[in-house]
Amino acid sequence: DAGVIQSPRHEVTEMGQEVTLRCKPISGHDYLFWYRQTMMRGLELLIYFNNNVPIDDSGMPEDRFSAKMPNASFSTLKIQPSEPRDSAVYFCASSLVPLVEQYFGPGTRLTVT
Amino acid sequence: RKEVEQDPGPFNVPEGATVAFNCTYSNSASQSFFWYRQDCRKEPKLLMSVYSSGNEDGRFTAQLNRASQYISLLIRDSKLSDSATYLCVVNDPDRDDKIIFGKGTRLHILP
């Protein structure tokens, strides 16, 4: 298996633009997680899905952020409009069941200018 | 009190030495504990789970102290390749077992 795949790996955009991050989880994993990592706040869980259904989105910072999982092999995290404070590394992770090993993708490094 | 707290470090340790660091957690009902390792500009990867009785994996030993609500990671005979950030992970039973990551402890092994 190729592991969790994320795209793009790097994204530089201007304030106000829409940003879409993509994730392909490991095949067979029922749980998918979106995290954001910054130096100040560390790794924060934004939202997670179970069998394509959003379970907990309490970590989503505000309405500018949205996430979807239209099928078992694809998820998106969208920021519209983007702001400089959204600059961070965004990780997607997947697991078979919760409370066991999560497999992280390589992350998307987002810079909003 | 923060949910999961770690000394950010950095811990600068000579190669071959033993190093240990702790992680405290706030919810006494937490049941699942893990150590993840994150290399610079890379994704976190599971290092080991932490079991109630303590567990060992080669040079790495993890322990749980429920009374004082902390877990620990001990690395013996440290290698240059052990240089990384070590993240403590704990579940929160009060929030549907949401997984909480600590901010990590940076470890530098010096040649």
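Scroll up a little and you will see the structure.
Reading the values: rules and limits
- Numbers given for residues are sequential positions, taken from 1 along each chain in its written order.
- The lettering of chains begins at A and the numbering of ligands begins at 1, in the order of writing.
- Local features in this predicted model are restricted to residues of pLDDT 70 or higher, and side-chain atom pairs are both shown and tallied only at a pLDDT of 80 or more, whereas totals for entire chains, interfaces and linings draw on every residue.
- Hydrogens and waters are ignored; side-chain quantities use all the structure's heavy atoms.
- Strands are runs of DSSP state E lasting at least 2 residues, helices are runs of H or I lasting at least 4, and numbering of each runs from the N terminus.
- Remark: exposure states derive from per-residue accessible area (1.4 Å probe, protein chains only) relative to the maximum for the residue type, with buried under 20%, exposed over 50%, and partly exposed in between.

I'd love a proper account of unusual backbone geometry, names of residues and values included.
Here Ser-7 of chain A and Pro-8 of chain A are connected by a cis peptide whose omega angle stands at -10°. Tracing the chain through its elements places Pro-8 of chain A in the loop between strand 1 (5–7) and strand 2 (10–13). Here the bond from Gly-9 of chain B into Pro-10 of chain B is cis, since omega is 5°, no more than 30 degrees from zero. Position of Pro-10 of chain B relative to the elements: it lies in the loop between strand 1 (4–6) and strand 2 (11–14). Despite not being glycine, Asn-51 of chain A has its phi angle at roughly 50°, a positive value. With respect to the helices, strands and loops of the structure, Asn-51 of chain A is situated in the loop between strand 5 (42–50) and strand 6 (53–56). Judged by its relative accessible area of 47%, Asn-51 of chain A falls in the partly exposed class. Within the chain, Gln-69 of chain B stands out as a residue other than glycine whose phi angle is a positive 55°. Note that Gln-69 of chain B resides in the loop between strand 7 (60–65) and strand 8 (70–75). Given a relative accessible area of 15%, Gln-69 of chain B falls into the buried group.

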